[in-house]
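Below, each chain spelled out in residue letters.
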Amino acid sequence: MMNQQHKPAHIRQQKLLQIIRSLVLRKQTLSISRVAREAGISPSLIHNHYPDIAAKIRQITGYPPQKSESTLRKKLHDTETQNRALREEIHHLRLQISQLSSINEMLNSQLCNELNPKGR
């Protein structure tokens, strides 16, 4: 079933695009598996070597585009960086709260002493 003959990438890409157009014109089910079967290749070849073709098929069929592993890793890294920054900000804010609480206690104590002096 699989075509063992190696074809240049641009020729195979053109063939895949022709298959997509043909399936759409004939109003037949469009999927990566279907296109691969008609091209005589494996679906993984489309996923791994023709991600733009896979994205086009997903776009036509209404499936959301898949994010590449590098995009997901970058997003994870960015999120972890943001998380670290927010944790640091929380730590500094807690220190400020502690310092302000101490100042507040000291001022309350001074106010009480001024309003209720000892010995009167």
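See the structure above.
About the cut-offs
- Residues numbered from 1 in each chain as written.
- Predicted model: local features only at pLDDT ≥ 70, side-chain atom pairs only at ≥ 80, totals over all residues.
- Heavy atoms only, no water.
- Axes fitted to C-alpha atoms, helices over the stretch in contact; angles between N-to-C directions.
- Helix = DSSP H or I, 4+ residues; strand = E, 2+ residues; numbered from the N terminus.
- Parallel < 35°, antiparallel > 145°, perpendicular 65-115°, else oblique.
- Contact = heavy atoms within 4.5 Å.
- Nonpolar A, V, L, I, M, F, W, Y, C, P; charged D, E, K, R; others polar.
- Core = buried A, V, L, I, M, F, W, Y, C linked by side-chain atoms within 4.5 Å.
- Buried < 20%, exposed > 50% of the residue type's maximum accessible area, 1.4 Å probe, protein only.

**Student:** Help me understand the packing of helix 1 (residues 9-25) against helix 4 (residues 51-61), please; the structure alone is not making it clear to me.
**Tutor:** Helix-helix packing is described using two parameters, namely the angle between the two axes and the distance between the axes. Where helix 1 contacts helix 4, the axes come no closer than 11 Å and their chain directions differ by 10 degrees. Relative to helix 4, helix 1 is oriented roughly parallel. Contact residues: Gln13, Leu16, Leu17, Ile20 and Val24 in helix 1; Asp52, Ile53, Lys56, Ile57 and Ile60 in helix 4. Grouping the amino acids of the contact of helix 1 with helix 4 by side-chain chemistry returns 7 nonpolar, 1 polar and 2 charged.

**Student:** What should I look at first to understand the nonpolar core in this one?
**Tutor:** One broad rule of soluble globular proteins: the nonpolar side chains tend to lie buried together. In this structure, Leu16, Val35, Ile46, Ile53 and Ile57 are the most contacted members of the largest nonpolar core, which totals 16 residues. Mapped onto this core, the elements with two or more residues apiece are helix 1, helix 2 (32-39) and helix 4. Ranked by residues supplied to this core, first place goes to helix 1 with 5 residues. When neighbours within four sequence positions are excluded, leucine 16 is seen to be in contact with Val35, Ala39, Ile41, Ile46, Tyr50 and Ile53.

**Student:** Where do I start with the environment of leucine 100 in this structure?
**Tutor:** Along the chain, leucine 100 turns up in helix 5 (residues 69-115). On the accessibility criterion, leucine 100 (54% relative accessible area) is exposed. Sequence separation between leucine 100 and leucine 25 is 75 residues, and the spatial gap between their C-alpha atoms is 71 Å.

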